[in-house]
Amino acid sequence: MFYFLAFITGIIVIITIILNGNLSNRIGYHQATLINFILGILFAAVLYLLFDWGNTTNLKDIPVYLYFGGAFGVAIVILNSVVVIKISAVYTTVLVFVGQLFAGILIDYLRFKTLEWGDIIGGIIIIGGVCFNLYCDQKSSDQETEKNLKLAK
């Protein structure tokens, strides 16, 4: 079940990045982020009302640092909206994934004092692959430009 939910979440993340990029292209980054969070709050409220999860935690008992997730969310949505216009959605998604991976590694280290070297090496390999692909894309683009310049003469 968790694998299915992770798969669906991955699809939703990609779709959201693309939609936010297109929306911010039309109405601006800040307005697109506001719409994103308003819809997110409404959807979360509907889910909360539909499924009585019985969470009656007192808001005063929640550590203050856990509230920073909202601020990070706003920053990430704005950055995704800016970046997806400049590079493809695939690169944006991979960069978000790598950022989440390294943030998770950092949180695990700070909280549990453990480092998973496989995760670190995997993240470095992914970054290397993205850089290599960007290099190949740039080289292909440069060759295409040279070819077009020769044809124009």
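We now turn to the structure provided with this report. Everything numeric here is computed off the predicted structure, so don't read it as measured data.

So, on to unusual backbone geometry. Backbone geometry places Lys 113, a non-glycine residue, at a positive phi of 60 degrees. Along the polypeptide, Lys 113 turns up in the loop between α4 (89–112) and α5 (117–152). On the basis of relative accessibility, which here comes to 59%, the residue Lys 113 falls in the exposed class.

Further remarks concern the environment of Met 1. The topology assignment puts Met 1 in the segment before α1 (2–27). A sequence separation of 38 residues divides Met 1 from Leu 39, and the C-alpha atoms of the two residues are 26 Å apart.

So, about the side chain of Asn 20. Tracing the backbone shows Asn 20 in helix α1. Here Asn 20 falls in the buried class, since its relative accessible area comes to 8%. Ignoring anything within four residues of it in the chain, the contact list for Asn 20 reads Ala 32, Asn 36, Val 77 and Ser 81.

Attention now moves to the packing of α1 against helix α3 (residues 68–86). Where α1 contacts α3, the axes come no closer than 8 Å and their chain directions differ by 80 degrees. The angle between α1 and α3 falls in the class roughly perpendicular. Contacts between α1 and α3 involve Ile 17, Asn 20, Gly 21, Ser 24 and Asn 25 on the former and, on the latter, Val 77, Asn 80, Ser 81, Val 84 and Ile 85. Counted by class, the contact of α1 with α3 contains four nonpolar, six polar and no charged residues.

With that settled, the discussion passes to the packing of aromatic side chains. Any pair of aromatic rings gets described here by the distance separating the centres and the angle formed by the planes. Using the criterion set out here, one finds zero aromatic pairs in the structure. One residue, Lys 113, lies across the ring of Tyr 109, its end atom 5.9 Å from the ring centre.

A few words on a nonpolar patch on the surface. A cluster of nonpolar side chains, Met 1, Phe 2, Phe 4, Leu 5, Phe 7, Ile 8, Ile 11, Ile 12, Ile 15 and Leu 19, forms an exposed patch at the surface whose accessible area comes to about 1100 Å². Mapped onto the elements of the fold, Ile 15 is located in helix α1. Under the relative-accessibility criterion, Ile 15 is labelled partly exposed at 44%.

Taking 1.5 Å per residue, 26 residues should reach 38 Å; α1 reaches 36 Å between its end C-alpha atoms and fits that length. Here α1 has its buried residues at Ile 17, Asn 20, Gly 21 and Ser 24.

Before going further, it helps to examine α3. Because an α-helix completes one turn every 3.6 residues, residues spaced three or four positions apart along the sequence face the same direction. The terminal C-alpha atoms of α3, which comprises 19 residues, lie 27 Å apart, in line with the 27 Å expected from a rise of 1.5 Å per residue. Along α3, the residues classified as buried are Val 77, Asn 80, Ser 81 and Val 84. Seen end-on, α3 carries its buried residues on one side only, within an arc spanning 95 degrees. Turned more than 90 degrees off the buried face of α3, the exposed positions are Ala 71, Phe 72, Leu 79 and Lys 86.

Turning our eyes to something else, we now look at the packing of α1 against helix α2 (residues 29–50). What describes two packed helices is the angle between their axes and the distance between those same axes. Taken N-terminus to C-terminus, the directions of α1 and α2 make an angle of 135 degrees; their axes are 7 Å apart at the nearest point. Taken together, α1 and α2 sit at an angle that is classed as oblique. Crossing handedness for the pair α1 and α2: right-handed. Packed against α1, whose contacting residues are Thr 16, Asn 20, Leu 23, Ser 24 and Ile 27, the element α2 presents Tyr 29, Gln 31, Ala 32, Ile 35 and Asn 36 at the interface. Taken together, the residues of the contact of α1 with α2 sort by class into five nonpolar, five polar and no charged.

Parameters and conventions
- Residues numbered from 1 in each chain as written.
- Predicted model: local features only at pLDDT ≥ 70, side-chain atom pairs only at ≥ 80, totals over all residues.
- Heavy atoms only, no water.
- Helix = DSSP H or I, 4+ residues; strand = E, 2+ residues; numbered from the N terminus.
- Buried < 20%, exposed > 50% of the residue type's maximum accessible area, 1.4 Å probe, protein only.
- Contact = heavy atoms within 4.5 Å.
- Axes fitted to C-alpha atoms, helices over the stretch in contact; angles between N-to-C directions.
- Parallel < 35°, antiparallel > 145°, perpendicular 65-115°, else oblique.
- Nonpolar A, V, L, I, M, F, W, Y, C, P; charged D, E, K, R; others polar.
- Phe/Tyr/Trp six-rings, centres within 6.5 Å; stacked < 30°, edge-to-face > 60°.
- Lys NZ or Arg CZ within 6 Å of the ring centre and 35° of its normal.
- Patch = residues over 30% accessible without salt bridge, like charges linked within 9 Å, V, L, I, M, F, W, Y side chains within 5 Å.
- Areas by Shrake-Rupley, 256 points an atom, 1.4 Å probe, with all protein chains shown as cover.
- Salt bridge = Lys/Arg side-chain N within 4 Å of Asp/Glu carboxyl O.
- Expected span 1.5 Å × (residues − 1).
- Arc of directions from axis to C-beta.
- Left-handed = near helix turned anticlockwise from the far one by under 90°.

Everything listed here is a matter of geometry and, on its own, says nothing about what the molecule does.
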